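Each chain is listed here by its residues.
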Amino acid sequence: MTQTCLANTPLMRLVAVTRRFQLGETVVDALAGVSLDIQVGEFLAVWGPSGSGKSTLMNVLGLIDSPSSGEIWFDGAHVGHLSDDALTGFRAQRIGFVFQSFNLVPVLSAVENVALPLQIQGMPKPQALARAQDCLAEVGLETFAAFRPDRLSGGQRQRVAIARALSGSPSLVIADEPTANLDSENSRMVINLMRQMNQNHGVTFVFTTHDPRLLEHVDRKVLLRDGRIESDEVLQ
Amino acid sequence: MKLSTLMALSARGLMRNRRRGAVTLMAIAFGFAAISLFAGYTHNIYRGLSLQAIHGELLGHLTLSKRGMSREGKLDPERYLLTADEVQRLVALVQAERGVVLVTPRLALSGIVSNGRASTIFVAEGLDPEAARRLHSLPDGLTRRDARSDTGVQSLDRAQSEGVALAEGLAALLHLRQGDQAVVLSNTLGGQANALDISVNGLFNTGNAGTNDLYAFMPLELVRNLYDASGRADRLTVLLQSVDDTEATRQRLLEKLRAAGFDMEIRTWNELSAFYTQVHDMFDMIFGFIFSIVLTVVVMSVANSMGMAVVERTREIGTLRAIGLRRRGVIGLFTGEAALLVILGCAVGVALTFGVRYGINVADISYVPPNQTAPVPLLVDIDAMRMLFTALMMACVGTVAAWIPARRAARQPITDALGHV
């Protein structure tokens, strides 16, 4: 097993994290003692076969699931003990999400979807919409601002989702299989877009994929198997 | 999240499944209209009955008598009748009270009336004809359609002390018609029999089968003569400017009369009108029953609608929670939707209420209630207070109905919600 740790204080640190699920009478260790440092500005891919624990790791990294044991540190602060409300507030300010199925709100337009996280944080609507419009422009969808999700293609929806994830200026974006529902061209385009945002804004991206071709674009790739990190490679 | 944002999102949420939303909205609207129309109908009934009691039955707003007169007066009339001096002093005292339109003495009497061949019992009220006419006249803006009886007191005449008004059933028993002569027989205050000739000046329908063959109105002087009780009265009837002042005026008068040395009891029109109280209680009970049923239907509709919405949008709830919406925000989102749904439903219900009410009122429908002898019009008022109460109750209960599934959704793990298919 190869494991490489970068220097400096990590943006996120997992220490011996386990996540155990009870399925009937069977106990499944989705994560079995994962320790991982994620540095600021990294563009990191987590890959591995189905059932290896990629999504569980993404959920733990995104603070939407709690580990059965182990520690989670974010920007030097221990966040494992925070209450639900505190974690929710923390996510709103520091973490963006891109989902496999886009998960846009169908009754809101593209720009309203992008503005939603900002409005949830209490930003007045005019400012939120202005900021959302800028974000849409960054992903090349400014002319689709008024379109609802059902009038957008899969690639466009995922770009709206990326704009939404970035609208709150997060430190970290978690993307669980962001290209799984896209064709190869759109998949490449979405990965390139995330890479571009990572380089332009210094936002840390962690995403999962099962497509080995997309791994060519990353700084670092972590191979997960049976809930354990099998390899952790930093690429040039 | 700001409330305005929450409500805007809730409003968008309502537009998702329009058919289901429309069905729920119409259930609320029809339920609201049904309650409002029934409330308006009972309001009209109460108003009509109060007018009937105050003006139709000539009860006025307040009735003053010596304490104990209502219970013991028949057994010991001498003790409980007001003397001529007391009547004059009391009338002067009450007349000076603000809001008092009329104070008039009256004297009740029972006896036998005969056409010379047959006789039957009667119960009569002795009133000053002029005062009775004023008592009988309705407040400005109201018509006979609003009050539901005709007392025939217009036929009484100060200048014709033997002229009386008989209930139609009583007159029919003795084959008496307007203009016919008869004889009334009663006891004097001293217990001696006394008979006087009367002339049937008018006939009236009490509206009640139990009293229509019994009642009569007579000039006060005729009753006093029969009773041999010159200047005396058993009660004073007080008419006020507004029915709303009834209780306050009673309290003021009690104080005033006590200070003047009178030991009097004062009863309000609704205390004296058992029929009004019984009908009021009965309709209140029916209203409560209908209200409960409709409210249950509304709650079930809203709970079903919101429950389905929560299930359908579980993944969206997970997404919103992931991107920063707190649990109470999720609850607020769905309860806000329910509240908006109820408010919209009630608004449509108000429009329905006004439309149906207009249709009913112009249709000129009438019916004969149980134990009544004359038809009464079917009219519907607007009972704003009960409509407001209904809307508030529906909003509260509808919101609670949405709160339960929303709370359940908000508490489920985000990862489970995101994985929901």
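Numbers given to residues run from 1 along each chain, matching the order in which its sequence is written. A letter from A marks each chain and a number from 1 marks each ligand, given out in the order of writing. Restriction of local features to residues with pLDDT of at least 70 applies here, the model being predicted, together with a cutoff of 80 or more for giving and counting side-chain atom pairs; totals for whole chains, interfaces and linings are based on all residues.

Some remarks on the overall build of chain B
(1) Moving on: For helices the rule is a DSSP run of H or I covering at least 4 residues; for strands it is a run of E covering at least 2, with both sets numbered from the N terminus onward. In terms of regular secondary structure, chain B is built from 15 helices and 11 strands.
(2) Moving on: Summarising its shape, the C-alpha atoms of chain B cover approximately 100 × 50 × 35 Å along the three principal directions.
(3) Moving on: Taking all 421 residues of chain B together, the buried fraction comes to 42%.
(4) Moving on: Note that contacts rest on C-beta atoms placed from the backbone: two residues are in contact if these are within 7 Å. Summarising the internal contacts of chain B: among those between residues at least 6 apart in sequence, 82% fall at separations of at least 24. Whether a residue is buried, exposed or partly exposed is read from the other C-beta atoms within 10 Å of its own C-beta, which are placed from the backbone; 20 or more gives buried, 12 or fewer gives exposed, and intermediate counts give partly exposed.

Comments concerning the interface of chain B and chain A
(1) Moving on: Facing the 19 residues of chain B at the interface are 21 residues of chain A.
(2) Moving on: Among the secondary structure elements, those contributing two or more residues to the side of chain B that touches chain A are helix H1 (3–14), helix H12 (314–322) and helix H15 (414–418) of chain B.

Re the environment of Val 222 of chain A
Residues and elements named next belong to chain A.
(1) Moving on: By the element assignment, Val 222 lies in strand S9 (residues 220–225).
(2) Moving on: Assessed through the 24 C-beta atoms surrounding it within 10 Å, Val 222 is described here as buried.
(3) Moving on: The sequence separation of Val 222 and Gln 196 amounts to 26 residues, and the corresponding C-alpha distance is 21 Å.

Notes on the packing of helix H3 (residues 110–120) of chain A against helix H5 (residues 154–167) of chain A
Residue and element names in this part refer to chain A.
(1) Moving on: Each axis is a line fitted through C-alpha atoms, taken for helices only over the stretch in contact, and angles between the N-to-C directions span 0 to 180 degrees. The geometry of H3 relative to H5 is characterised by a closest axis approach of 8 Å and an angle of 25° between their N-to-C directions. The orientation of H3 with respect to H5, classified from their angle, is roughly parallel. The element H3 and its partner H5 pack so that their crossing is right-handed. Side by side, H3 and H5 meet where Ala 110, Asn 113, Val 114, Ala 115, Leu 116, Pro 117 and Leu 118 of the first sit next to Val 160, Ala 163, Arg 164 and Ser 167 of the second.
(2) Moving on: When grouped by side-chain class, the residues that make up the contact of H3 with H5 number 8 nonpolar, 2 polar and 1 charged. Reported orientations rely on four angle classes, namely roughly parallel under 35 degrees, roughly antiparallel over 145, roughly perpendicular from 65 to 115, and oblique for the rest. If you view the pair so one helix is near and one far, a crossing is left-handed when the near helix is turned anticlockwise from the far one by less than a right angle, and right-handed when it is turned clockwise. Only Asp, Glu, Lys and Arg are considered charged, only Ala, Val, Leu, Ile, Met, Phe, Trp, Tyr, Cys and Pro nonpolar, and every remaining residue, Gly among them, polar.

Some thoughts on the nonpolar core
Residue and element names in this part refer to chain B.
(1) Moving on: By definition, a nonpolar core groups buried Ala, Val, Leu, Ile, Met, Phe, Trp, Tyr and Cys residues that are joined through C-beta atoms within 7 Å. Counting 116 residues, the largest nonpolar core has Ile 28, Val 330 and Phe 334 as its most contacted members.
(2) Moving on: The element contributing the most residues to this core is helix H2 (residues 18–56), with 10 residues.
(3) Moving on: Discounting residues that sit within four places of it in the chain, Phe 334 has contacts with Met 306, Ala 309, Val 310, Ala 402 and Ala 406.
(4) Moving on: Of all hydrophobic cores here, the second largest spans 56 residues; its members include Leu 51, Leu 174, Phe 204 and Trp 269.

Thoughts on the sheet that holds strand S10 (residues 228–234) of chain A
Picture the strands of a sheet paired through backbone hydrogen bonds; they go either parallel or antiparallel.
Residues and elements named next belong to chain A.
(1) Moving on: What the 6 strands build is an open sheet, ordered S6-S7-S8-S3-S9-S10; its pairing is mixed. Because the sheet does not close on itself, it has two edges, and the strands there are strand S6 (95–98) and S10. Each strand axis lies, on average, 20° off the axis of its neighbour in the sheet, ignoring direction.
(2) Moving on: At least two DSSP bridges between two strands are required for those strands to pair. Where strand S3 (residues 43–47) meets strand S8 (residues 204–209), 5 bridges bridge the pair, whose relative direction is parallel. By the bridge assignment, Ala 45 is partnered in S8 with Phe 207.
(3) Moving on: Each of S6 and strand S7 (172–175) touches H5; the most contacted strand, S6, lies at about 170° to it.
(4) Moving on: Each of S3, S7 and S8 touches helix H6 (residues 184–201); the most contacted strand, S8, lies at about 160° to it.

Topic: the environment of Gly 345 of chain B
All names here are of chain B.
(1) Moving on: Here Gly 345 shows up in helix H13 (residues 327–362).
(2) Moving on: Overall, the presence of 28 C-beta atoms within 10 Å leaves Gly 345 in the buried class.
(3) Moving on: Each C-alpha atom of the pair Gly 345 and Ala 33 lies 9.7 Å from the other, and the pair is 312 residues apart in sequence.
(4) Moving on: Setting aside anything within four residues of it in sequence, one finds Gly 345 in contact with Leu 25, Ile 28, Ala 29 and Phe 32.

Describing the confidence of the model for chain A
(1) Moving on: In the predicted model, chain A carries a mean pLDDT of 91, and the fraction of residues at 70 or more is 96%.
(2) Moving on: Scored below 50 in pLDDT, residues 1–7 of chain A shows 13 contacts in the model against residues more than four places distant or in partner chains. In predicted models, pLDDT denotes the confidence assigned by the predictor to each residue on a 0 to 100 scale.

What about unusual backbone geometry?
Residue and element names in this part refer to chain A.
(1) Moving on: A positive phi angle, near 50°, is found at Ser 169, a position not held by glycine.
(2) Moving on: Among the structural elements, Ser 169 can be located in the loop between H5 and S7.
(3) Moving on: Since 13 C-beta atoms lie within 10 Å of it, Ser 169 is described here as partly exposed.
(4) Moving on: Of note, the phi angle at Glu 177 is positive, near 50°, even though the residue is not glycine.
(5) Moving on: Tracing the backbone shows Glu 177 in the loop between S7 and H6.

So, H13 of chain B
Since the α-helix advances by 3.6 residues per turn, residues separated by three or four positions end up pointing in the same direction.
(1) Moving on: Under the convention used throughout, the expected extent of a helix is 1.5 Å for every residue step, that is, one less than its residue count. Taking 1.5 Å as the rise per residue, H13 of chain B with 36 residues should run 52 Å; its terminal C-alpha atoms sit 53 Å apart, in good agreement.
(2) Moving on: Looking one or two residues beyond H13 of chain B, the residue adopting positive phi is Asp 364 of chain B, at roughly 55°.

Overview of the pairing of strand S2 (residues 26–38) of chain A
Residue and element names in this part refer to chain A.
(1) Moving on: Note that strand S1 (residues 12–23) and S2 share 10 bridges and pair antiparallel. The residue bridging Arg 13 from the neighbouring strand is Asp 37, located in S2.
(2) Moving on: Where S1 hands over to S2, the hairpin turn is made up of 2 residues, of which Gly 24 adopts a positive phi near 65°.

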